[in-house]
Amino acid sequence: MERFFLLIQTLALIAPVTVFFGYIFLYEGDQFTAEHYMITGLSALPFGIALLVKFLMSDVDKNSD
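None of the values given here were measured: they were computed from a predicted structure. (Residues numbered from 1 in each chain as written. Predicted model: local features only at pLDDT ≥ 70, side-chain atom pairs only at ≥ 80, totals over all residues. Heavy atoms only, no water.)

Asks: In this structure, what is going on with the overall build of the protein chain? I would like to understand it.
Replies: Of regular secondary structure, the protein chain possesses three helices and zero strands. Helices and strands appear in the protein chain in the N-to-C order α-α-α. Every one of the 65 residues in the protein chain was classed for burial, and the buried ones make up 12%. In the protein chain, of all internal contacts separated by at least 6 residues, the share reaching a separation of at least 24 is 63%. Here the protein chain has roughly 5300 Å² of accessible surface; of this, 69% comes from carbon and sulfur atoms. (Helix = DSSP H or I, 4+ residues; strand = E, 2+ residues; numbered from the N terminus. Buried < 20%, exposed > 50% of the residue type's maximum accessible area, 1.4 Å probe, protein only. Contact = heavy atoms within 4.5 Å. Areas by Shrake-Rupley, 256 points an atom, 1.4 Å probe, with all protein chains shown as cover.)

Here it is in structure tokens:
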């Protein structure tokens, strides 16, 4: 289960980084406006959700005696 959450976190982290650099390369770095920052921030939501789910599921695998 730990490897599954590591995979989900890695995939969720790729989205905001790709969006951020995509805007820089697409507009050649001279039109990075507030909308671009908002979209980059919103694309980080899947990473936050993955961390939340990992936190909520952290005690599921542990054996309770």
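Asks: How do you make sense of the confidence of the model for the protein chain when you look at a structure like this?
Replies: Regions with low pLDDT carry predicted coordinates that are not meant to be interpreted in detail. Confidence in the prediction of the protein chain, expressed as mean pLDDT, is 77, and 82% of residues score 70 or more. Of all the helices and strands in the protein chain, helix H2 (residues 34–42) carries the lowest mean pLDDT, 77, while helix H3 (residues 45–56) carries the highest, 84. (pLDDT = per-residue confidence, 0-100.)

Asks: Just to check I follow, could you spell out the environment of Ile49 for this structure?
Replies: Considering the arrangement of structural elements, one finds Ile49 in helix H3. Taking relative accessible area as the criterion, Ile49 reaches 52% and is therefore assigned exposed.

Asks: Explain a nonpolar patch on the surface here, please?
Replies: A cluster of nonpolar side chains, namely Met1, Phe4, Met38, Ile39, Leu42, Leu45, Ile49, Leu52, Val53, Phe55, Leu56 and Met57, defines an oily patch on the protein surface of about 1200 Å² accessible area. Of all elements in the fold, only H2 and H3 reach the threshold of two or more residues within the nonpolar patch. No other element matches H3, which puts six residues into the nonpolar patch. With respect to the helices and strands, the residue Leu42 is situated in helix H2. A residue is classified by how much of its surface remains accessible, and Leu42, at 47% relative accessible area, is partly exposed. (Patch = residues over 30% accessible without salt bridge, like charges linked within 9 Å, V, L, I, M, F, W, Y side chains within 5 Å. Salt bridge = Lys/Arg side-chain N within 4 Å of Asp/Glu carboxyl O.)

Asks: Looking at this structure, how should I read the packing of helix H1 (residues 2–26) against H2?
Replies: Packed helices, taken two at a time, are described by their axes: the angle between them and the distance between them. Contact pair H1 / H2: the axes reach a minimum separation of 8 Å and the direction vectors enclose 160°. Compared by their axis directions, H1 and H2 come out roughly antiparallel. Classified by chirality, the crossing of H2 by H1 is right-handed. For the pair H1 and H2, the contacting residues are Pro16, Val19, Phe20 and Tyr23 in the first and His36, Ile39 and Thr40 in the second. When the residues that make up the contact of H1 with H2 are grouped by side-chain class, the tally is five nonpolar, two polar and no charged. (Axes fitted to C-alpha atoms, helices over the stretch in contact; angles between N-to-C directions. Parallel < 35°, antiparallel > 145°, perpendicular 65-115°, else oblique. Left-handed = near helix turned anticlockwise from the far one by under 90°. Nonpolar A, V, L, I, M, F, W, Y, C, P; charged D, E, K, R; others polar.)

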